[in-house]
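# Structural characterization, general
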Amino acid sequence: METMAKTADTVENSEFPTFDPSMATDQIRAVAEKGVEQSKEAYAKFASGTETTQKALQSSLETSKTVGNELSLKTIAALRANAEAGFSHLEALVAVRAPSEFLELQAAFLRKQVELTVEQAKEFQAVTTKAAEDISKPIKDVFEKAMKDLKVA
């Protein structure tokens, strides 16, 4: 009996925390506001990243167009030079009087064409190497910035 009396006395003298709905509402509001703010920040970062990426792609496309035009002009110049060399060689062959002269002209023409082809290949290689760097640079810069921002965050 004594145990029951102590239990009843403890229950009567104990204070249970009361539930205050206004505090719960304030906490829920604070959590919701924080969530909204974080969502706004995430959206702003996403929008900024999207805009930056779009500008980088646009820059790369403009560079590609410029490089394409430059390569087209170099190709036309190389074709013109090769055609002119070929026609000059044919004119020289028409005036040949002896087989030895023909062989000499032919050997000189082939040597000159090989040298010209090597020179043209070097020019094309230089242009395409520079083009690859120029085209990829804006995207590479955006990627590196994004990776740096992720490390900071």
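The model shown is predicted, which means the values in this text are computed figures rather than measured ones. (Residues numbered from 1 in each chain as written. Predicted model: local features only at pLDDT ≥ 70, side-chain atom pairs only at ≥ 80, totals over all residues. Heavy atoms only, no water.)

## Looking at the overall build of the protein
- A count of helices and strands for the protein gives three helices and zero strands.
- For the protein, the sequential pattern of α-helices and β-strands runs α-α-α.
- Here the protein holds 153 residues, and the buried ones make up 10% of them.
- If you take every contact in the protein between residues at least 6 apart in sequence, the share linking residues at least 24 apart comes to 73%.
- For the protein, the accessible area works out to roughly 12900 Å², and carbon and sulfur atoms hold 63% of it. (Helix = DSSP H or I, 4+ residues; strand = E, 2+ residues; numbered from the N terminus. Buried < 20%, exposed > 50% of the residue type's maximum accessible area, 1.4 Å probe, protein only. Contact = heavy atoms within 4.5 Å. Areas by Shrake-Rupley, 256 points an atom, 1.4 Å probe, with all protein chains shown as cover.)

## Looking at the side chain of serine 60
- Structurally, the position occupied by serine 60 is in helix H2 (residues 21–94).
- In contact with serine 60, other than residues within four places in its own chain, are Ile135, Pro138 and Ile139.

## Notes on helix H3 (residues 99–152)
- With 54 residues, H3 should cover 80 Å at 1.5 Å per step; its first-to-last C-alpha distance of 77 Å lies within 8% of that length.
- If you look at H3, its biggest bend is around 40°, right at lysine 137, and the proline proline 138 turns up within four residues after that.
- Within the sequence span of H3, burial applies to Phe109, Gln113, Gln120, Val127, Ala131, Pro138 and Val142. (Expected span 1.5 Å × (residues − 1). Bend = angle between axes of the 7 residues up to and from the residue.)

## Re the environment of histidine 89
- Looking at where histidine 89 falls in the secondary structure, it is placed in helix H2.
- As a C-alpha pair, histidine 89 and phenylalanine 109 span 20 residues in sequence and 6.9 Å in three-dimensional space.

## Considering the pattern of salt bridges
- Under the counting rule described, the total for this entry stands at three salt bridges.
- The residue aspartate 134 makes a salt bridge to lysine 130 at a minimum N-O spacing of 2.7 Å. With aspartate 134 and lysine 130 both in helix H3 and four residues apart, this pair spans about one turn of that helix.
- Note that lysine 137 is salt-bridged to aspartate 141, the shortest N-O span being 2.8 Å. Of the two residues, lysine 137 and aspartate 141 are both situated in helix H3; the distance of four residues between them amounts to about one turn of the helix.
- For lysine 137, a relative accessible area of 47% puts it in the partly exposed group.
- Under the relative-accessibility criterion, aspartate 141 is labelled partly exposed at 35%. (Salt bridge = Lys/Arg side-chain N within 4 Å of Asp/Glu carboxyl O.)

## A look at a nonpolar patch on the surface
- Residues Phe143, Met147 and Leu150 make up a contiguous nonpolar surface patch of roughly 330 Å² in combined accessible area.
- Checked against the element boundaries, methionine 147 lands in helix H3. (Patch = residues over 30% accessible without salt bridge, like charges linked within 9 Å, V, L, I, M, F, W, Y side chains within 5 Å.)

## Points about the confidence of the model for the protein
- Across the protein, the average pLDDT comes to 84, with 84% of residues at 70 or higher.
- Here helix H1 (residues 2–13) stands out as the least confident element of the protein, with mean pLDDT 58; H3 is the most confident, with 89. (pLDDT = per-residue confidence, 0-100.)

## With respect to the side chain of threonine 63
- Residue placement: threonine 63 occurs in helix H2.
- Given a relative accessible area of 19%, threonine 63 falls into the buried group.
- Here serine 59 takes part through its backbone oxygen, which lies 2.9 Å from a polar atom of the side chain of threonine 63.
- Not counting chain neighbours up to four residues away, the residues in contact with threonine 63 comprise Asp134 and Ile135. (Polar contact = N/O pair within 3.5 Å; in protein donor to acceptor, adjacent residues only side chain to side chain.)

## Considering the environment of threonine 52
- Position of threonine 52 among the secondary structure elements: in helix H2.
- Each C-alpha atom of the pair threonine 52 and alanine 146 lies 10.0 Å from the other, and the pair is 94 residues apart in sequence.

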